[in-house]
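# Coordinates in review
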Amino acid sequence: MPRGSWLILVRPVAQGADGNWSSSLFGGFSECTGWAWGARALGCLHRKDRKTPPTCSRSPQPQGLQRPTRLLTRVALAKALVQPEVEELEPAPSGPGPQVAEKHELGRLQYSLDYDFQSGQLLVGILQAEGLAALDLGGSSDPYVRVYLLPDKRRRHETKVHRQTLNPHFGENFAFKVPYVELGGRVLVMAVYDFDRFSRNDAIGEVRVPMSSVDLGRPVLAWRELQAAPREEQEKLGDICFSLRYVPTAGKLTVIVLEAKNLKKMDVGGLSDPYVKVHLLQGGKKVRKKKTTIKKNTLNPYYNEAFSFEVPCDQVQKVQVELTVLDYDKLGKNEAIGRVAVGAAAGGAGLRHWADMLANPRRPIAQWHSLRPPDRVRSLPAP
C-alpha cells in the first residue's frame, strides 16, 4: 500500500426477515441515553419529508416547546446510515387499485336474506366469498365484510377478519330492526375490505341490493359478483392540535391536548360540547385512559391540558396513542366526532409526528392533525 494511503473498513449491514436494515454501528452505547438512543429508536422510521410541522396558531406554546431542527445532527446522520429510503408513508387511498379494475377480478359473495315479521328484523347472512382480488404484496388479502342499510351508514355490522385468504368462509348473521313498510326505500350494502394493520383498509368491492327488488315472503340465498366500490368523499370532521414529549431516561410520555377547530356540528343548535379522550394502546389493547374537561357550546375548543404515561424506552416502539374527540350529551350517549392515532404503527402524519418526538427527546413537539372517522380499532387474529 502506498505511503499516506488510508485503509477504510466498512462493516456490512444485513437485511432481516422483516425487510429492515440493521447495523451494529451503535453497539457500544446505551439504548436509553444520548444520541445513540435516538438513532436506535428511529431505526424503523423514516419521514417522507423533513418539513417543520406547523405549530398551533393561536395557542400559547408550553414552556420549552420547540420545532424540530433541520440541521444535519448526529441523529439524522446516523439514521441515514442504518436504513434505506422509504418511498411512501401515506396510507393507501380507499377503493380498489388498478390491478382490480375489472369486474371479474374482484370476486363474488354469497349471502342470505330473511325477514322476521314477529320481531320486525331484517336478517342478513354473510356466508362466504371466493376469487377475491389480492391486495397484499404476498398475493393474498385479509378480508372482512361491512354490512349496512342505506341511507343509515352509522348502524353497521362487520364480520371477523380472515387472514391471508381469497376464499373466506364467514358464516356470520346480522339483524337490522326495520319496520317492513320502510324496507322498500332501503339499500343493503355488503362491502368487502382488505384489512391493513398499518394504514387505511382497502375496499375490494361491494354488493348493493335494493330492498324494493327483493321478495321477502321466503328466505333468499344468492351469489353476487362484487362491483367496484365508489370512492367515498371524506367528511370534514375538524382538526386537533396536540404536542408529544418523551423523556427516555425517565420513561415518561406526555401528551398535551392544546385545541381543536372546525369540529363537526353534533347538536341540534349547530354546536357541540366537545371533550377529548386520550388512550394509550399496547398490542391493539387500551391499557391507559385520560380525558379532558368538557367545553360547552363550541366548535373551536381550547384545552391546554397535559397527560402523562409511563412508557419504558424499550416499549416506546410498541405503543400507540389514540385521541378521540367526543360530543358530550347529558341525556343520551356521548357520540364520537373523530379520532387520531400516532405511533410507530401509524401512517402519514401520525408516524411523522411520532418520529419528530423521538428525534427530539425531552422537547414538546406540537402538530395539527385532521380527525378521521371514529371507526373502532381492529386487531388481526393471531396467526
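In what follows, the accompanying structure is described. (Residues numbered from 1 in each chain as written. Predicted model: local features only at pLDDT ≥ 70, side-chain atom pairs only at ≥ 80, totals over all residues. Heavy atoms only, no water.)

## Re the sheet that holds strand β8 (residues 187-194)
Put simply, the rule reads: A pair of strands is treated as paired once DSSP finds two or more bridges between them. In this description a helix means any DSSP run of H or I spanning at least four residues, a strand means any run of E spanning at least two, and both kinds are numbered starting from the N terminus. For every element, the axis is a line fit to its C-alpha atoms; helices are fit only across the contacting stretch, and the angle between N-to-C directions ranges from 0 to 180 degrees.
Here 4 strands make up an open sheet; going across it, the order is β6-β5-β8-β9 and the pairing antiparallel. Each edge of the sheet is formed by a strand with only one pairing partner; in this case those strands are β6 (152-158) and β9 (202-210). Mean inter-strand twist for the sheet, computed between neighbouring axes without regard to direction, equals 25°. Alignment of strand β5 (residues 143-150) against β8, held across 8 bridges, turns out to be antiparallel. Paired with Pro 143 across the bridge in β8 is Asp 194.

## Section: unusual backbone geometry
We apply this condition: Each residue is placed in one exposure class: buried if its accessible area under a 1.4 Å probe, protein chains only, is under 20% of its type's maximum, exposed if it is over 50%, and partly exposed if it falls in between.
For the peptide bond that leads from Leu 150 to Pro 151, omega is 10°, which places it in the cis range. Tracing the chain through its elements places Pro 151 in the loop between β5 and β6. Positive phi values are uncommon outside glycine, yet Asn 262 reaches one of about 55°. Within the element layout of this structure, Asn 262 appears in the loop between β12 (252-261) and β13 (274-282). Its relative accessible area of 52% is what places Asn 262 among the exposed residues. Positive phi values are uncommon outside glycine, yet Asn 297 reaches one of about 50°. Among the structural elements, Asn 297 can be located in the loop between β14 (285-291) and β15 (302-310). A residue is classified by how much of its surface remains accessible, and Asn 297, at 51% relative accessible area, is exposed.

## Considerations on the pairing of β9
Most of β9 is tucked away: 7 of the 9 residues are buried. Pairing of β8 with β9, which is carried by 8 bridges, proceeds in the antiparallel orientation. Opposite Val 192, over in β9, you have Gly 205 as the bridge partner.

## Notes on the nonpolar core
Definition in use: Buried Ala, Val, Leu, Ile, Met, Phe, Trp, Tyr and Cys residues that are joined via side-chain atoms within 4.5 Å together make up what is termed a nonpolar core. Contact definition: two residues touch when any of their heavy atoms are within 4.5 Å.
Residues Ile 240, Val 278, Val 321, Leu 323 and Trp 354 are the most contacted members of the largest nonpolar core, which totals 33 residues. Elements represented by at least two residues in this core include exactly β11 (239-247), β12, β13, β15, β16 (319-327), β17 (335-343) and α3 (349-359). Beyond its immediate chain neighbours, meaning those up to four positions away, Val 278 contacts Val 255, Val 257, Arg 288, Lys 289, Lys 290, Phe 307, Phe 309, Val 321, Glu 322 and Leu 323. Ranked by size, the runner-up nonpolar core spans 30 residues in total, among them Tyr 111, Phe 174, Leu 188 and Val 192.

## So, the packing of aromatic side chains
Put simply, the test is: Between 30 and 60 degrees the pair is tilted, below 30 it is stacked and above 60 it is edge-to-face, where a pair is any two Phe, Tyr or Trp rings, Trp via its six-membered ring, whose centres lie within 6.5 Å.
Tallying each qualifying case throughout the model produces 4 aromatic pairs. Measuring from centroid to centroid gives 4.9 Å for Tyr 115 and Phe 117, while their planes differ by 75°, and the two rings are edge-to-face. Of the residues examined, Phe 117 reaches a relative accessible area of 53% and is grouped as exposed. Aromatic side chains Phe 117 and Tyr 180 sit 5.1 Å apart centroid to centroid with 45° between the ring planes, which places their arrangement in the tilted category. Of this pair, Phe 117 sits in the loop between β3 (108-116) and β4 (121-130) while Tyr 180 sits in the loop between β7 (169-177) and β8, and the two are 63 residues apart along the sequence. The partly exposed category is assigned to Tyr 180, whose relative accessible area is 43%.

## Focus on the environment of Tyr 303
Stated formally: Pairing of N or O atoms within 3.5 Å defines a polar contact, subject to two protein rules: one partner must be a possible hydrogen donor and the other a possible acceptor, and residues neighboring in sequence count only if both atoms are side-chain atoms.
Looking at the secondary structure, you find Tyr 303 in strand β15. Residues Tyr 303 and Phe 242, spaced 61 residues apart in sequence, show a C-alpha to C-alpha distance of 9.7 Å. Non-local contacts of Tyr 303, meaning those with residues more than four positions away in its chain, are made with Val 257, Leu 258, Glu 259, Pro 274, Tyr 275, Val 276, Thr 292, Thr 293 and Lys 295. At 3.0 Å, the side chain of Tyr 303 and the backbone oxygen of Pro 274 are in polar contact.

## Describing the side chain of Thr 159
With respect to the secondary-structure elements, Thr 159 resides in the loop between β6 and β7. A relative accessible area of 2% means that Thr 159 is categorised as buried. At 2.9 Å, the side chain of Thr 159 forms a polar contact with the backbone nitrogen of Val 145.

## Considerations on α3
Most of α3 is tucked away, with 9 of its 11 residues classed as buried. Residues Gly 350, Leu 351, Arg 352, His 353, Trp 354, Ala 355, Asp 356, Met 357 and Leu 358 constitute the buried set of α3.

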